[in-house]
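Structure at a glance
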Amino acid sequence: KELLTLFYKNHSFFRAIVNIKTEFDSTDESCSIVFSIEEGKRSSIDSIEYKGLENISAELLEEVFVEPLISKGAPYEPPKAQSEIGRILDILVEHGYPRASFDKESSGAFHRASTNNFQLTIVFVPGQRYNFGDVSVQVEPPRDDITPELIIRHLDFEQGELYSKKKTISSERSLNRLDLFESVRIDHPRFSDTLTSTLIPTDIFVRPRDRHEISPELSVSDENNTFNLGLGLGYTNRNFLGDARLFTIRARVRAQSLL
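1. A look at the nonpolar core
- Counting residues in hydrophobic clusters, the biggest one holds 20 residues, and the most contacted among them are Y50, L53, I56, L92 and F124.
- Contributions of two or more residues to this core are made by β3 (45-51), α2 (58-64), α3 (78-93) and β6 (117-125).
- Once residues lying within four places of it in the same chain are set aside, the contact partners of I56 are L61, V64, L92, Y97 and P126.

Below you can see the structure in the form of structure tokens.
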């Protein structure tokens, strides 16, 4: 009963009534259950008011409202309203507002008993707008051929750009794809409540893989109905001639019909 009632509320039937009727049969020790549902009138959105976004740029404001998940006159469904809040927060975070938040205390869905509809007030606190600041690189253990310039060149953001969490994540993936490092971590540890500048510093920690790698190979097969044995040797140079180039060469030899 509780699940059905919640289901109807999540689909804008706030006056739905769920009744249960049970009938016991002692002969076969069974029980029949009948759910009787009175859906009532579906609630709609009479009005939506967004607050806290007055000071963001016109271009960003246009992006926020280009494809809203809720609109005036549509059925009021709480899960969709929550998704709309999350969508707008994601846009703010990706356009320089990493501290953007939803003001739950000042927001609300106000029910009008006369119409059974809702008036929505959604309040955001964008906070300060930030840009990417200085980048520091720590290579552990140090290697002369892996310089901060090489790592910074493969980032998806530049100093002075608007902060974007997605660009931080994609930059970490780009460095991992180079196959030069065992581990890569990009942090903003100095981004705290005490940060007075609008520039967010970036710390990058990398652990290089061995620059030179030799890998022996052994292969066995029954090609042509014979016993075949093969040996091979591979050599990999990571950061060959600089600029994160990867050089690999392999040599293989195989003996057939050993029997």
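Moving on from the coordinates now.
2. Focus on helix α5 (residues 165-177)
- For α5, which comprises 13 residues, the first-to-last C-alpha distance of 19 Å matches the rise-based estimate of 18 Å (1.5 Å per residue) to within 8%.
- Restricting attention to buried positions, one finds in α5 the residues T168, S171, S174 and L175. An end-on view of α5 places all buried positions within 120° of arc, on one side of the element. In α5, the exposed residues that point more than 90 degrees away from the buried face are K166, R173 and R177.
- Against β7 (131-139), α4 (148-153), β8 (181-187) and β9 (199-208) lie the buried residues of α5.
- Residue S164 occupies the N-cap position of α5, its side-chain oxygen lying 3.4 Å from the main-chain nitrogen of K166.
- D179, located one to two residues past α5, shows a positive phi value of around 65°.

3. Topic: the pairing of strand β1 (residues 17-25)
- Where β1 lies against strand β2 (residues 30-38), nine bridges are found, and the strand directions are antiparallel. Pairing of T22 across the sheet is with I33, part of β2.
- The turn linking β1 back onto β2 is made up of four residues, and E29 within it adopts a positive phi angle of 55°.

4. Comments concerning unusual backbone geometry
- For the bond running from E140 to P141, omega is -5°, close enough to zero to count as cis.
- For P141, the location among the structural elements is in the loop between β7 and α4.
- We note that L241 has phi near 60°; this positive angle belongs to a residue other than glycine.
- Relative to the helices and strands, L241 is located in the loop between β11 (228-238) and β12 (246-255).
- Owing to a relative accessible area of 67%, L241 belongs among the exposed residues under this scheme.

5. Examining the sheet that holds β9
- Reading across from one edge, β7-β9-β8 is the order of the three strands in this open sheet, with mixed pairing throughout. Both edges of this open sheet fall to β7 and β8, since each of them pairs with a single strand only. Taken pair by pair, the neighbouring strands of this sheet meet at an average axis angle of 20°, ignoring direction.
- Two strands pair when backbone bridges link them, and β7 and β9 are joined in this way by seven bridges, in the parallel orientation. Opposite V139, over in β9, you have V206 as the bridge partner.
- Running over the sheet, α5 touches β7, β8 and β9 and is turned about 165° from β8.

6. Points about the environment of E54
- Counting through the fold element by element, E54 comes out in the loop between β3 and α2.
- For E54 and K104, which are 50 residues apart along the polypeptide, the C-alpha to C-alpha distance reads 18 Å.
- Engagement of the side chain of E54 in a polar contact is seen with the backbone nitrogen of G52, the distance being 3.1 Å.

7. Remarks on the pattern of salt bridges
- Counting across every chain of the model gives 16 salt bridges.
- The partner of E23 in a salt bridge is K21, with the nearest N and O atoms 3.7 Å apart.
- By relative accessible area, which is 45% here, E23 ends up partly exposed.
- The shortest N-O distance in the salt bridge between R112 and D46 comes to 3.3 Å. Here R112 is found in strand β5 (residues 108-112), whereas its partner D46 is found in strand β3, with 66 residues between them in sequence.
- The partly exposed category is assigned to D46, whose relative accessible area is 22%.
- Residues joined by salt bridges that share partners form a network here, namely D179, R209, E213 and R238.

8. Some thoughts on the sheet that holds β12
- Taken together, three strands build an open sheet; the order of strands is β10-β11-β12 and the sheet is antiparallel. Each edge of the sheet is formed by a strand with only one pairing partner; in this case those strands are β10 (212-221) and β12. For this sheet the average axis-to-axis angle between neighbouring strands, irrespective of direction, equals 15°.

Each value, and the rule that gives it
Residues numbered from 1 in each chain as written. Predicted model: local features only at pLDDT ≥ 70, side-chain atom pairs only at ≥ 80, totals over all residues. Heavy atoms only, no water. Core = buried A, V, L, I, M, F, W, Y, C linked by side-chain atoms within 4.5 Å. Buried < 20%, exposed > 50% of the residue type's maximum accessible area, 1.4 Å probe, protein only. Helix = DSSP H or I, 4+ residues; strand = E, 2+ residues; numbered from the N terminus. Contact = heavy atoms within 4.5 Å. Expected span 1.5 Å × (residues − 1). Arc of directions from axis to C-beta. Polar contact = N/O pair within 3.5 Å; in protein donor to acceptor, adjacent residues only side chain to side chain. Pairing = 2+ DSSP bridges. Axes fitted to C-alpha atoms, helices over the stretch in contact; angles between N-to-C directions. Salt bridge = Lys/Arg side-chain N within 4 Å of Asp/Glu carboxyl O.

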